[in-house]
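One-letter residues, chain by chain:
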Amino acid sequence: MQTIAPEAIADWVASELFSSERERPVVAITTSFHTHEYFIDPEELEERLEERADVVAIPTGEATWALSEALPPKLDVYGGALRIWWPGLSPESNPYDHKLHVAASRLDADAAVSMLLRALRNRSGAEGGSEAEEEADPVPVEVTAIDRGIEVRDDEGRTGRVTEADVPLHALELCVSTGMQLEATPLNPDAEEGEPLRFSFCGRLPTPWQRVGAVLRPGDVVYGRVSAIQERFALVELLPGARGIVGIADIDHTFVETIGDFVQLDEIVKVVVQSVDEEARRAVLSIKDGRSAKREAGPSPSLVPDGNPFDWHAFLGRPIEETKQAEGDSFERLGSIKRELKASEDDRTLLRETVASLREQVKDLEARCAGLDGGAGVQGDPLEDEDAFLRAVRIAYARDVGEDERHEQPLEPMSVGASFLVSARGLEDVGVPKIVEVAAQVASGRAEELAGREVEPLGKSGPTSKRYAKKRASDDGRAWRCSLQMRSPSARRLLWWAIPSDDGVTIEFAAVAAPDDHEIPE
């Protein structure tokens, strides 16, 4: 394991990372923005990777800035994240071939290491590694003990310990019980006598999102862990690895200016499930409704079918009484504030809406002025061709999204449909900078968090529910639209296709249309 100083980064990238003679993968680990510490100790990481890769520790700050300058776009790493650079890395490499694992806590880092181990093992097998390195067929196992680890016995009577999973192992320990029959992959099936057997649950259990989708329904009340706090939303984990979004309007019954004034990272909160989409790996939650819900929180889903419900309080080592006391304090505070603000609430609501409308108008004017001064910050007309438009969108994203938010809201791959530029030209009621701004919000997923954008699925014959949204037969794409101007029923709509791909979703901008135009070009 090595730690690289800022002044040595450029030489290290050129001589080692880009070296055509490099045979081993390199895993980089960085420090958190907030604590300036590693979520997992670099030496511990090196030990867990078992010499399958070289580990480098890079403190977030001057060193990661130097790394960003030395590497092509989207191949860097910072802010607590981990990245693996496989052999053969070059300035022309596809960033998605060298996986970035975002981590906001020790829990995220543990899960990332499990995925790294699995990727390393699969790569060694695919490249013709030794028989011991190739992934063996899964075998049935029985859980025999749970004592600071999960001990199992296979159908031949051999015993061993589970050392890998797609979620933190100490989370699984809460959900399994002795006698439970599961499936695991032997990691060293040819172990010599006396050598302990190791097993992996990676890929052998349902994903956390599959468990959430199988158990939770809208209206359910459960506990979750606050895993991230941004300016306009918070993320709450329902299970380790399955995070739902809580918009700023669903944080508290009172006006919320700063979300951190109401919830803290790693706080256990009671939430009401508003919607769950297992396929899209999205859930919408409400802390506000959780605070006012009179019924107790129900059991969380188990990480294994027919297993024990997952318990955040036990997982984080916090008595449930602490959470209930916090809920009681919230009720008392809420009642007091309601009494104080009851007389002026209507005026406040009207004032907030007026201010929001004025801010939107100012933003539109600023965008129009920016367009007149230089085409939204780029040379030439963003509607000149596809490259010019996508370049303008990337610049708008870089301008509006802070570095600390880009891991949570990355810019998806984009393309421009054949009819899009034609439909966007010549519009007098909406400026080109506004189209570029909203396109950047769509491609980074931020449009869904803005209520005034009115994001909705689109069928060939009119708006439909997401469940019945029609798909493009050629590539299984889904049609969507949103409003270009907030709180304006007559506002133009931006239409796009969301097309599944190996790297996630590709956004294809399709058209700019009137609000009553439900046709979308293919």
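Residues numbered from 1 in each chain as written. Predicted model: local features only at pLDDT ≥ 70, side-chain atom pairs only at ≥ 80, totals over all residues. Heavy atoms only, no water.

Caption draft 1: Broad picture of the overall build of the chain. Regarding its fold elements, the chain presents 13 helices and 22 strands. Within the span of the chain, comprising 522 residues, buried residues form 45% of the whole. In the chain, once contacts between residues fewer than 6 apart in sequence are set aside, the share between residues at least 24 apart is 64%. When the accessible surface of the chain is totalled, it reaches about 25,900 Å², and 48% of it is carbon and sulfur. (Helix = DSSP H or I, 4+ residues; strand = E, 2+ residues; numbered from the N terminus. Buried < 20%, exposed > 50% of the residue type's maximum accessible area, 1.4 Å probe, protein only. Contact = heavy atoms within 4.5 Å. Areas by Shrake-Rupley, 256 points an atom, 1.4 Å probe, with all protein chains shown as cover.)

Caption draft 2: Spotlight on the sheet that holds strand β2 (residues 26–30). An order of β1-β3-β2-β4-β5 is seen for the five strands of this open sheet, with the pairing classed as mixed. Every interior strand has two partners, whereas the edge strands, β1 (2–3) and β5 (100–101), have only one. Bridge analysis of β2 against strand β3 (residues 54–58) gives five bridges, and the strand direction is parallel. When the sheet's bridge partners are listed, I29 is paired in β3 with A57. Where helix α2 (residues 42–49) meets the sheet, it contacts β2, β3 and β4 (82–85), and its direction lies at approximately 160 degrees from that of β3. (Pairing = 2+ DSSP bridges. Axes fitted to C-alpha atoms, helices over the stretch in contact; angles between N-to-C directions.)

Caption draft 3: Expanded view of the environment of E92. If you trace the backbone, E92 turns up in the loop between β4 and β5. A C-alpha to C-alpha distance of 7.9 Å links E92 and P72, two positions 20 residues apart in sequence.

Caption draft 4: Spotlight on the pattern of salt bridges. Overall, the coordinates contain 16 salt bridges when judged by the stated rule. Between D154 and R158 there is a salt bridge, with its nearest N and O atoms 3.1 Å apart. On the accessibility criterion, D154 (8% relative accessible area) is buried. R158 sits in the partly exposed class, given a relative accessible area of 32%. Linking E454 and R493 is a salt bridge whose minimum nitrogen-to-oxygen distance equals 3.4 Å. Linking E454 in the loop between α13 (432–443) and β17 (456–459) with R493 in strand β21 (residues 493–501), this pair joins segments that are 39 residues apart in sequence. (Salt bridge = Lys/Arg side-chain N within 4 Å of Asp/Glu carboxyl O.)

Caption draft 5: Quick look at unusual backbone geometry. The phi torsion at K74 lies on the positive side, around 70 degrees, for a residue other than glycine. With respect to the helices and strands, the residue K74 is situated in the loop between α3 (62–70) and β4. What makes K74 partly exposed here is its relative accessible area of 45%. Located in the positive-phi region is R281, a residue other than glycine, with phi close to 55 degrees. You can see R281 is positioned in the loop between β14 (268–277) and β15 (282–286).

Caption draft 6: Layout of the confidence of the model for the chain. Here the chain shows a mean pLDDT of 82. Residues at 70 or above account for 83%. For residues 373–378, every residue scores under 50 in pLDDT, and the model assigns this stretch 12 contacts once sequence neighbours within four places are set aside. Between residues 460–470, whose pLDDT stays under 50, and residues either more than four places distant or in other chains, the model counts 28 contacts. (pLDDT = per-residue confidence, 0-100.)

Caption draft 7: Representation of the packing of aromatic side chains in the model. Following the criterion strictly, the structure yields seven aromatic pairs and no others. The interplanar angle of 65 degrees and the centroid separation of 6.1 Å between the aromatic rings of W12 and W85 together place this pair among those described as edge-to-face. Taken together, the residues W12 in helix α1 (residues 9–17) and W85 in strand β4 connect sequence positions 73 residues apart. Take W85: its relative accessible area is 0%, and that puts it in the buried class. An aromatic cluster of at least three residues, connected via ring pairs, comprises F310, W312 and F315. (Phe/Tyr/Trp six-rings, centres within 6.5 Å; stacked < 30°, edge-to-face > 60°.)

Caption draft 8: Quick look at the sheet that holds strand β7 (residues 150–154). Pairing is mixed in the closed barrel, where five strands are placed in the order β6-β7-β8-β10-β9. Going from strand to strand, the sheet's axes swing by 55 degrees on average, the running direction of each strand aside. Pairing analysis gives five bridges linking strand β6 (residues 139–146) to β7, with the strands arranged antiparallel. Along β7, the bridge assignment pairs V143 with V152.

Caption draft 9: Fine view of the pairing of strand β12 (residues 233–239). The buried count for β12 comes to seven of seven residues, which makes it a mostly enclosed element. Judged from the four bridges that link them, strand β11 (residues 221–229) and β12 form a sheet pairing that is antiparallel. What sits directly across from R225, in β12, is E237. For β12 and strand β13 (residues 242–247), the ladder comprises six bridges, and the chain directions are antiparallel. In the strand pairing of β13, V236 is matched with G244. Remark: two residues form the turn of the hairpin made by β12 and β13, two consecutive strands paired antiparallel; G241 in that turn has positive phi of roughly 100 degrees.

Caption draft 10: Examining α1 more closely. For α1, the complete set of buried residues consists of I9, W12, V13 and L17. One side of α1 holds all its buried residues, which, seen down the axis, span an arc of 100 degrees. Exposed residues on α1 whose side chains face more than 90 degrees from its buried face are D11 and A14. Buried residues in α1 make contact with β1, β2, β3, α3 and β4. (Arc of directions from axis to C-beta.)

Caption draft 11: Molecular detail of the environment of A53. With respect to the helices and strands, the residue A53 is situated in the loop between α2 and β3. Of the residues examined, A53 reaches a relative accessible area of 2% and is grouped as buried. It is 8.9 Å that separates the C-alpha atoms of A53 and I84, two residues lying 31 residues apart in sequence.

Caption draft 12: Expanded view of α13. Look at α13: 17 Å from first C-alpha to last across 12 residues, which is about the 16 Å you get at 1.5 Å a residue. Residues of α13 that are buried: P433, K434, I435, V436, E437, V438, A439, A440, Q441, V442 and A443. Just downstream of α13, G445 is the residue with a positive phi angle, here 80 degrees. (Expected span 1.5 Å × (residues − 1).)

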